Amino acid sequence: MKARFLNSMQEALGLVRSGQLQQATQLIHQSLRRDLRQGGRAANETNDNVIEAQFVRKSNQPASEPLKPAETAQIAESFEQVAKPSFGQEAQFLTRNFSNEHGSRDYKLYIPSSYTDQPLPLVVMLHGCTQNAEDFALGTAMNQFAEQYGVLVAYPTQAKSANSKGCWNWYKVKNQQADRGEPALIAGLTRAIMQNHHVDSKRVYVAGLSAGGAMAVIMGATYPDLYAAVGVHSGLAAGSATNVIAALAAMRQGSRSIQATGQYPSFVPTIVFHGDQDPIVNLKNAEQVFAQAKQRLEASNDTYFNTEQVTVNPAGSRAYTRTQMKDENGQTQIDYWLVHGAGHAWSGGEVRGSYVDPTGPKASEEILGFFLKHSQIS
């Protein structure tokens with residue numbers, strides 16, 4: 001091959017390793033066309049699979065199953081071009097689709113390298129407006145913690161046909177009830193993963209950001225027997241609005257018409273993150289999420305719950321006030337993190353994604369840690 005072509009391939013490899021797959025592909029195409037115009041033999045000497053190569057995350061850990069052609073790993077960390085891995089070699093980030101009578105959604109599924117025939121916990125992550133599964137996975141870095149703790153993570157992507165901004169439609173009445181609309185679709189997707197993979201049915205969780213956080217609250221309220229705990233980042237309480245105008249008003253100033261406990265009587269352990277400078281979803285909404293969870297907790301049990309609050313100003317991280325409601329055994333049932341100075345962004349996220357605040361504290365690690373302390377009671 002010509003030196004110029006080889007240099008271009010080296011440059012393309014560097015783009016791949018930095019996660020810039022589209023730019024790498026464009027450079028490869030340009031180099032091949034240039035070499036053909038110059039009469040070179042680069043096109044014939046180059047493996048045809050390069051342009052449609054699979055790029056998988058470097059790892060020495062085993063995977064659960066071989067990748068299929070449509071299941072290209074897309075974690076923008078360190079990449080290398082490799083052949084399809086055989087069984088038991090790599091963690092995987094797969095592209096999937098789920099459909100039922102309530103609709104169809106694409107989703108990404110992270111399978112950690114520790115996955116075998118031993119059931120693992122499952123976390124369903126619901127992105128915010130203008131985001132998608134890949135973006136949300138990058139920004140939250142939840143896959144990194146899932147790999148560390150041995151957890152499956154699913155990232156459903158809202159269809160643009162359902163919402164032009166990619167928002168989960170949490171404010172529509174039909175999406176605030178079990179067995180209807182988006183809750184039934186997300187619950188169906190969750191159950192399908194549980195059927196097709198080794199999932200611990202007692203340790204299935206749901207979390208989300210913004211509109212996804214509001215939908216996560218609804219999922220916990222409408223399917224308390226499915227999800228063992230809920231994570232809400234910059235979201236709203238269940239029943240905060242029933243139309244677009246009310247939704248916008250609730251986001252600006254909190255809701256004036258949150259549904260009474262009677263509609264959603266069951267309590268699900270809840271962890272809340274919210275920035276006190278959030279200009280998109282007012283802090284009052286986090287307070288209402290906490291109050292709603294507290295009301296359900298107290299209504300579901302006659303046991304005394306102890307409330308503990310502490311303000312921490314750690315080095316290298318934003319200060320935060322943490323409020324915990326603990327049961328008589330000292331287990332935290334509600335965990336509310338108010339992050340001082342933070343806006344509408346995932347706390348402690350990675351800058352490769354959107355709506356992230358890398359300063360911390362790390363919401364993903366705290367949410368996952370909270371989840372793994374809770375399981376469904378038989």
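Above this text is the structure in question.
Keep in mind that what you see is a predicted model, and the values were worked out from it rather than measured.

Draft legend 1. Looking closely at helix H6 (residues 181-196). An ideal rise of 1.5 Å per residue puts 22 Å on 16 residues; H6 measures up with 23 Å between its terminal C-alpha atoms. Of all 16 residues that make up H6, 13 are buried, and the element is covered over most of its length.

Draft legend 2. Focus on the pairing of strand S8 (residues 229-233). Burial runs high along S8: 5 of the 5 residues are buried. Neither face of S8 is left uncovered, since the one carrying Ala229, Gly231 and His233 and the one carrying Val230 and Val232 both have all their residues buried. Running through helix H7 (residues 211-222), the crossover from strand S7 (residues 199-209) to the neighbouring parallel element S8 is right-handed. Bridge analysis of S8 against strand S9 (residues 270-275) gives 4 bridges, and the strand direction is parallel.

Draft legend 3. Just the packing of aromatic side chains, in detail. Per the stated rule, a full pass over the model turns up 9 aromatic pairs. Centroid distance Trp170 to Tyr171: 5.6 Å. Interplanar angle 90 degrees. Geometry classified as edge-to-face. According to the relative accessible area criterion, Trp170 is buried, its value standing at 5%. Following the ring pairs from residue to residue traces out a cluster consisting of Phe93, Tyr110, Phe136, Tyr155 and Trp346. Positioned over the ring face of Phe93 is Lys108, at 4.9 Å from the centre of the ring.

Draft legend 4. Geometry of the side chain of Thr332. One can find Thr332 in strand S12 (residues 332-339). Polar contacts involving the side chain of Thr332 include one to the side chain of Gln324, which spans 2.8 Å. The contact partners of Thr332, leaving out residues within four places of it in the chain, are Gln324, Met325, Lys326, Phe370 and His374.

Draft legend 5. Looking closely at the sheet that holds S9. Across the sheet, which stays open at both edges, the 10 strands sit in the order S3-S4-S6-S5-S7-S8-S9-S12-S11-S10 with mixed pairing between neighbours. What marks the edges here is a single partner per strand, and that holds for strand S3 (92-100) and strand S10 (306-312). Averaged over all neighbouring strand pairs, the angle between strand axes comes to 15 degrees, with direction disregarded. Of the strand pairs in this sheet, S10 and strand S11 (residues 320-326) are connected by 7 bridges, and their pairing is antiparallel.

Draft legend 6. Focus on the environment of Leu94. You can see Leu94 is positioned in strand S3. Spatially, the C-alpha atom of Leu94 lies 8.0 Å from that of Ile111, the residues being 17 residues apart in sequence.

Draft legend 7. Fine view of the nonpolar core. Leu122, Leu126, Trp170, Met219 and Tyr227 are the most contacted members of the largest nonpolar core, which totals 63 residues. Setting aside its immediate chain neighbours within four residues, Leu126 contacts Phe136, Pro156, Trp168, Ile186, Val206, Ala207, Gly208, Leu209, Gly212, Met215, Ala216 and Met219.

Draft legend 8. Main features of the side chain of Gln131. Here Gln131 lies in the loop between strand S5 (120-126) and helix H4 (133-140). Since its relative accessible area comes to 5%, Gln131 is described here as buried. Beyond its immediate sequence surroundings of up to four residues, Gln131 is in contact with Phe136, Leu209, Ser354 and Tyr355.

Draft legend 9. Quick look at helix H8 (residues 244-253). Those residues of H8 that sit buried are Ala247, Ala250 and Met251. Taken down its axis, H8 places every buried residue within 100 degrees of arc, on the same side. Away from the buried face of H8 by more than 90 degrees, exposed residues Ile245 and Arg252 are located. As for H8, its buried residues are in contact with helix H9 (283-300). With a side-chain oxygen positioned 3.2 Å from the backbone nitrogen of Ile245, the residue opening H8 is Asn243. Following H8 by one or two positions, Gly254 adopts a phi angle in the positive range, close to 85 degrees.

Draft legend 10. The arrangement of the environment of Ser210 in detail. Positionally, Ser210 belongs in the loop between S7 and H7. A residue is classified by how much of its surface remains accessible, and Ser210, at 9% relative accessible area, is buried. C-alpha of Ser210 to C-alpha of His233: the two residues are 23 residues apart in sequence and 6.3 Å apart in space. Non-local contacts of Ser210, meaning those with residues more than four positions away in its chain, are made with Gly128, His233, Ser234, Gly235, Val281 and His344.

Draft legend 11. Quick look at the packing of helix H5 (residues 142-149) against helix H10 (residues 363-371). Interhelical geometry of H5 versus H10 gives an angle of 40 degrees and a closest axis separation of 9 Å. One finds that H5 runs oblique with respect to H10. Note that H5 runs across H10; the crossing there is right-handed. In contact with Met142, Phe145, Ala146 and Tyr149 of H5, H10 contributes Ser364, Glu365 and Leu368.

Draft legend 12. Molecular detail of unusual backbone geometry. Cis geometry marks the peptide bond from Gly360 to Pro361; its omega dihedral reads 10 degrees. Looking at the secondary structure, you find Pro361 in the loop between strand S14 (356-357) and H10. Of note in the backbone geometry, Ala141 takes a positive phi value of approximately 55 degrees without being a glycine. Secondary-structure assignment places Ala141 in the loop between H4 and H5. Phi at Tyr355 takes a positive value of approximately 55 degrees, unusual for a residue other than glycine.

Thresholds, definitions, all that
Residues numbered from 1 in each chain as written. Predicted model: local features only at pLDDT ≥ 70, side-chain atom pairs only at ≥ 80, totals over all residues. Heavy atoms only, no water. Helix = DSSP H or I, 4+ residues; strand = E, 2+ residues; numbered from the N terminus. Expected span 1.5 Å × (residues − 1). Buried < 20%, exposed > 50% of the residue type's maximum accessible area, 1.4 Å probe, protein only. Right-handed = clockwise from strand over helix to strand, strands pointing away. Pairing = 2+ DSSP bridges. Phe/Tyr/Trp six-rings, centres within 6.5 Å; stacked < 30°, edge-to-face > 60°. Lys NZ or Arg CZ within 6 Å of the ring centre and 35° of its normal. Polar contact = N/O pair within 3.5 Å; in protein donor to acceptor, adjacent residues only side chain to side chain. Contact = heavy atoms within 4.5 Å. Axes fitted to C-alpha atoms, helices over the stretch in contact; angles between N-to-C directions. Core = buried A, V, L, I, M, F, W, Y, C linked by side-chain atoms within 4.5 Å. Arc of directions from axis to C-beta. Parallel < 35°, antiparallel > 145°, perpendicular 65-115°, else oblique. Left-handed = near helix turned anticlockwise from the far one by under 90°.

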